[in-house]
Amino acid sequence: MDWLISETRITLVDPAGLAARMVEHLAEHEVAVETNNGVMVARLPYGTSTLAVEAEALRIRVEAADKGNLEVLRSVVASHVVELADGETPTIVWLGHESGSTFANFREVRLKASFDLTPHMRRLTFVGDDIARFASNTDLHVRMYFPPDGLENPEWPRPAPDGRVLWPEPDRRPAPRYYTIRRIDTRAGEIDIDFVLHEQAGPGSDFALKAQPGAICGMAGPLGRSIRPARWLLLAGDETALPAIARILEDLPAATSGEVLIEVADASEELALTAPSGMSIRWLHRGNALPGSTQLLAEAVNNVRWPDHPDVFAWVAAETQAVRTIRKYLRDARHLAREQHLTVAYWNLRQS
Ligand SMILES: Cc1cc2nc3c(=O)[nH]c(=O)nc-3n(C[C@H](O)[C@H](O)[C@H](O)COP(=O)(O)OP(=O)(O)OC[C@H]3O[C@@H](n4cnc5c(N)ncnc54)[C@H](O)[C@@H]3O)c2cc1C
């Protein structure tokens, strides 16, 4: 595959200082940086970024498989350069693959229909032109943009000349939230997304509750990572992870075995899942307890019986605190290596 390349040379008083701060920042986010002859190479989910310190400049090169990912890399790099410039005002001019008026990974989509899967899970079907880029077996997620209520002509984030994201004015700014593509049919131009309808609805849940057919929102991606194939899998999550778990299960080789733990309110929130016969599925009911307030998922993970071979992978997605607890257990007690687990905070319980 031919990767796309874009470069910038940023004049700075202290390019080495900025490079060091960027490497430190990447390490905090668990992104390893290799150094070869003074050139620093970081492999990010969207592609590769290379930093080279020159006499009075930092030369940065980004490489990605397509223009959507290249633009995401440019915006991530440019915003960090500005944030970590420590008093300097860097001018960033990218050469190669100029951006258009919207990001290449962005599409406007329209609500076609919706129906309730369970009392607190609603499936929304969206239609849109040119949605093939969202069809992926590894990147299952999208960033949705929900415009403010009543805005006749929604406005979307666009690429700034320096690669960063240029947002509409606050009163016209769409709210971004992450969701999972549950089903995509590129021929019909349809995408299904299953929304949890939760208390204190924010823009995502609110859109699912109120939007009428024809309502417009934005979709960017695809993004995120999925499981690494393994003989034995642990999939653990709450209802926000249920769409991803359902998709992962549908796609597994028939010989895969493992445990699936899913926390929901009660039996009325359970869904029929298609999975290999060796995957044991257990629903955990929190009853009247608030979502994100129990230890149910973490305790169930602690009680899992692991196989006696190392070809395992654990995938976990739920509320931030539950994910932190489980991640610590997987690393400290189960000694899973980095390539043996993926734990992602899907939402944040904000205390009032
Ligand atoms: C990669 C990824 C994929 C995801 N896929 C899905 C998906 O397919 N379907 C889905 O429904 N969600 C999914 N989520 C989770 C979803 O993005 C969050 O729940 C998000 O906060 C919902 O936005 P909102 O606007 O409804 O609420 P927000 O404005 O974010 O929050 C408003 C209030 O609601 C609370 N809250 C938020 N989410 C929940 C919840 N689930 N239960 C109870 N209280 C909540 C917050 O603590 C806050 O007090 C995914 C998240 C990630 C990172």
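Just so it is clear, the structure is predicted and the values come from calculations on it, not from any experiment. (Residues numbered from 1 in each chain as written. Predicted model: local features only at pLDDT ≥ 70, side-chain atom pairs only at ≥ 80, totals over all residues.)

Draft legend 1. The arrangement of the site of the ligand in detail. Neighbouring the ligand are 24 residues; Thr-180, Val-196, Gly-202, Gly-204 and Ser-205 lie closest to it. For the shell around the ligand, the secondary structure elements donating two or more residues are strand E11 (175-185), strand E12 (190-196), helix H3 (203-210) and strand E18 (341-347). Sort the elements by how many residues they give to the shell around the ligand and E11 lands first, with four residues. When grouped by side-chain class, the residues that make up the shell around the ligand number eleven nonpolar, ten polar and three charged. Built from parts of two domains, the shell around the ligand gets at least three residues from each of domain 2 (106-223) and domain 3 (232-347). (Near = placed C-beta within 6 Å. Helix = DSSP H or I, 4+ residues; strand = E, 2+ residues; numbered from the N terminus. Nonpolar A, V, L, I, M, F, W, Y, C, P; charged D, E, K, R; others polar. Domains from an automatic or database assignment.)

Draft legend 2. Up close: the nonpolar core. If you look at the biggest cluster of nonpolar residues, it comprises 56 residues, and the most contacted ones within it are Ile-245, Trp-315 and Ile-326. Top element by residues in this core is strand E17 (residues 312-319). It accounts for six residues. Counting contributing residues per domain, this core is built from domain 2 (106-223) and domain 3 (232-347), each supplying no fewer than three. When sequence neighbours within four positions are dropped, the list of residues in contact with Trp-315 reads Ile-227, Leu-233, Leu-234, Leu-235, Ile-248 and Leu-342. If you look at the next biggest cluster of nonpolar residues, it comprises 19 residues, including Ile-10, Met-22, Leu-70 and Val-81. (Core = buried A, V, L, I, M, F, W, Y, C linked by C-beta atoms within 7 Å. Buried ≥ 20, exposed ≤ 12 C-beta atoms within 10 Å, placed from the backbone. Contact = placed C-beta atoms within 7 Å.)

Draft legend 3. Quick look at the sheet that holds strand E8 (residues 141-146). Spatially, the six strands close up into a barrel ordered E6-E7-E12-E11-E8-E13, and their pairing is antiparallel. Averaged over all pairs of adjacent strands, the angle between their axes in this sheet comes to 45°, without regard to strand direction. Bridge count between strand E7 (residues 121-127) and E12: seven bridges; the pairing is antiparallel. Bridge pairing in E12 places Thr-125 opposite Asp-192. The strands touched by helix H4 (residues 242-250) are E11 and E12; relative to E11, the strand with the most contacts, the crossing angle is about 30°. (Pairing = 2+ DSSP bridges. Axes fitted to C-alpha atoms, helices over the stretch in contact; angles between N-to-C directions.)

Draft legend 4. Helix H2 (residues 67-83), seen in detail. For H2, with 17 residues, the first-to-last C-alpha span of 24 Å sits near the 24 Å given by 1.5 Å per residue. Three or more residues of H2 are buried, namely Gly-68, Asn-69, Leu-70, Glu-71, Val-72, Leu-73, Arg-74, Ser-75, Val-77, Ala-78 and Val-81. (Expected span 1.5 Å × (residues − 1).)

Draft legend 5. Up close: the pairing of strand E13 (residues 216-223). Among the eight residues that make up E13, six are buried, leaving the element largely enclosed by the rest of the structure. In this structure, strand E6 (residues 106-118) lies alongside E13, joined through five bridges in antiparallel fashion. Considered in E13, the bridge of Arg-107 is made with Met-219. Bridge analysis of E8 against E13 gives four bridges, and the strand direction is antiparallel. Across the sheet, Tyr-145 pairs through a bridge with Gly-218, a residue of E13.

Draft legend 6. Region of the structure containing the pairing of strand E3 (residues 39-44). Note: strand E2 (residues 33-36) against E3, four bridges, orientation antiparallel. Within E3, the position partnered with Glu-34 by the bridge is Val-41. Where E2 folds back onto E3 in an antiparallel hairpin, the turn is made up of two residues, including Asn-37, whose phi is positive at roughly 50°. Pairing of E3 with strand E4 (residues 47-53) involves six bridges; the strand directions are antiparallel. For Ala-42, the partnering residue across the bridge sits in E4 and is Ser-49. Between E3 and E4, which pair antiparallel and follow one another directly, the connecting turn spans two residues.

Draft legend 7. Region of the structure containing the sheet that holds strand E5 (residues 57-64). Across the sheet, five strands lie side by side as E1-E5-E4-E3-E2; this open sheet has antiparallel pairing. The strands lining the two open edges of the sheet, one partner per strand, are strand E1 (4-11) and E2. This sheet shows a mean twist of 20° between the axes of neighbouring strands, independent of strand direction. The pairing of E4 with E5 spans seven bridges and is classified as antiparallel. Bridging from a neighbouring strand, Val-53 pairs with Leu-58 of E5. Sheet strands touched by helix H1 (residues 15-28): E2, E3, E4 and E5. Its angle to E4, the strand with the most contacts, is close to 150°. Lying on the sheet, H2 is in contact with E1, E3, E4 and E5; it crosses E5 at an angle near 155°.

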